[in-house]
Amino acid sequence: MIGYEHIMKMYRDGVVAFRMKDVVKATGISEQAIRRDIKKLIKDGIIIEIKKGIYAFSKYNQFQIACAIAKMHTNNYYIGSAGAMDFNKMTEQIPAVFIIITDNYRDKIKIKGETFIYRIRRNKKAFTGYIEKDGVRWSNKAKTVADMFESKNFHDPSGIIEIIRENKIPKNDIEKYFKQMNYQKYKEIFNYVFSGWHGKR
């Protein structure tokens, strides 16, 4: 029961998700023995299987678990795109998928009914402008708008203009992230978005 006790200690210590290989390494017992303990904990409703070799404690929500999985691989991660817009209450549309930006981890996982896609962004300067609460990290309003310029779905700047106006996001806040991430190739579009803009500077 060493594996069982180790996992329950993680539970008490506030661990959200874990890998079987890490439990094997920490306890020194076989994967087969750990698997038996995990099956019992799943049956008891204490943990859930996320995918092969990765588990989470069931008391946490899907967003806490998704961010904990990202954190297994890197400290550079955040929920971006439509997911961040949802968290920031910038839209009433519920996203079909939640995008998590990381610097080294790519995957697609379903957690408690929500689909999470982990995408890699090599630009280290992109990992800034977070809001973090209860183990969930997402980009703030201005950073979310700045990220839209690099979105694969970005075609029409009128959508960005509407979002900026409705949410009263200061131009200078967006420009700070825009310059920091060196989005020079989008400079012309950025200027167009703010041409005639009378919002807060």
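See the structure shown above.
Below you will find a few notes about this structure. Since we're looking at a predicted model, the values are computed, not measured.

## Some words on the pattern of salt bridges
Okay, so step 1: Under the criterion given, the structure shown has 9 salt bridges.
Okay, so step 2: Two residues, Glu31 and Arg35, come together in a salt bridge whose shortest N-O distance is 2.6 Å. Remark: Arg35 and Glu31 occur in helix H3 (residues 31-43); sequence separation between them is 4 residues, near one turn of the helix.
Okay, so step 3: The exposure class of Glu31 is partly exposed, given its relative accessible area of 41%.
Okay, so step 4: When its relative accessible area of 33% is taken as the criterion, Arg35 is described as partly exposed.
Okay, so step 5: In this structure, Lys124 and Asp103 form a salt bridge, with 2.7 Å as the shortest nitrogen-oxygen distance. Of the two residues, Lys124 sits in the loop between strand E7 (114-120) and strand E8 (130-133) while Asp103 sits in the loop between strand E5 (97-102) and strand E6 (107-111), which places them 21 residues apart along the sequence.
Okay, so step 6: Residue Lys124 is classed as exposed on the basis of its relative accessible area of 54%.
Okay, so step 7: Within this structure, Arg121, Lys143 and Asp147 form a network of salt bridges that share partners.

## Details of the packing of helix H2 (residues 20-27) against H3
Okay, so step 1: Where H2 contacts H3, the two axes come as close as 10 Å, and the packing angle between them is 120°. The hand of the H2/H3 crossing is right-handed. Together, Met20, Val23, Val24 and Thr27 of H2 and Glu31, Ile34, Arg35 and Ile38 of H3 make up the contact between the two elements.
Okay, so step 2: The residue inventory of the contact of H2 with H3, partitioned by class, reads 5 nonpolar, 1 polar and 2 charged.

## A short note on the packing of helix H6 (residues 141-148) against helix H8 (residues 171-180)
Okay, so step 1: Packing of H6 against H8 brings their axes to within 8 Å, and their N-to-C directions diverge by 55°. Judged on the interaxial angle alone, H8 and H6 are oblique. Classified by chirality, the crossing of H8 by H6 is right-handed. Each of Ala142, Lys143, Val145 and Ala146 in H6 lies in contact with H8, whose residues at this interface are Asp173, Ile174, Tyr177 and Phe178.
Okay, so step 2: Here the contact of H6 with H8 is composed, by residue class, of 6 nonpolar, no polar and 2 charged.

## Considering the sheet that holds strand E2 (residues 47-51)
Okay, so step 1: Ordered by their spatial adjacency, 3 strands build an open sheet running E1-E3-E2, and the pairing between neighbours is antiparallel. This sheet does not close on itself; its edge strands, each paired only once, are strand E1 (17-19) and E2. Taking the axes of each pair of neighbouring strands and ignoring which way they run, one obtains an average angle of 30° across the sheet.
Okay, so step 2: Across 3 bridges, E1 lies against strand E3 (residues 54-57) in antiparallel orientation. Pairing of Arg19 across the sheet is with Ile54, part of E3.
Okay, so step 3: Its contacts with the sheet place H2 against E1 and E3, and it is angled at close to 70° to E1.
Okay, so step 4: With respect to the sheet, helix H4 (residues 62-73) is in contact with E1, E2 and E3, its orientation differing from that of E1 by roughly 40°.

## Quick word on the nonpolar core
Okay, so step 1: If you look at the biggest cluster of nonpolar residues, it comprises 39 residues, and the most contacted ones within it are Phe18, Ile69 and Tyr118.
Okay, so step 2: Looking at this core, the element that brings in the most residues is H4, giving 8 residues.
Okay, so step 3: When residues no more than four places from it in sequence are discounted, the contact partners of Phe18 are Ile7, Met10, Val23, Ile38, Ile47, Gly53, Ile54, Tyr55, Phe57 and Met72.
Okay, so step 4: Counting residues in each nonpolar core, the second largest holds 20 residues, with Met148, Ile160, Ile161 and Ile163 among its members.

## What about the environment of Gly113?
Okay, so step 1: In this fold, Gly113 is placed in the loop between E6 and E7.
Okay, so step 2: Overall, the relative accessible area of 57% leaves Gly113 in the exposed class.
Okay, so step 3: Sequence separation between Gly113 and Gln62 is 51 residues, and the spatial gap between their C-alpha atoms is 8.2 Å.

Each value, and the rule that gives it
Residues numbered from 1 in each chain as written. Predicted model: local features only at pLDDT ≥ 70, side-chain atom pairs only at ≥ 80, totals over all residues. Heavy atoms only, no water. Salt bridge = Lys/Arg side-chain N within 4 Å of Asp/Glu carboxyl O. Helix = DSSP H or I, 4+ residues; strand = E, 2+ residues; numbered from the N terminus. Buried < 20%, exposed > 50% of the residue type's maximum accessible area, 1.4 Å probe, protein only. Axes fitted to C-alpha atoms, helices over the stretch in contact; angles between N-to-C directions. Left-handed = near helix turned anticlockwise from the far one by under 90°. Contact = heavy atoms within 4.5 Å. Nonpolar A, V, L, I, M, F, W, Y, C, P; charged D, E, K, R; others polar. Parallel < 35°, antiparallel > 145°, perpendicular 65-115°, else oblique. Pairing = 2+ DSSP bridges. Core = buried A, V, L, I, M, F, W, Y, C linked by side-chain atoms within 4.5 Å.

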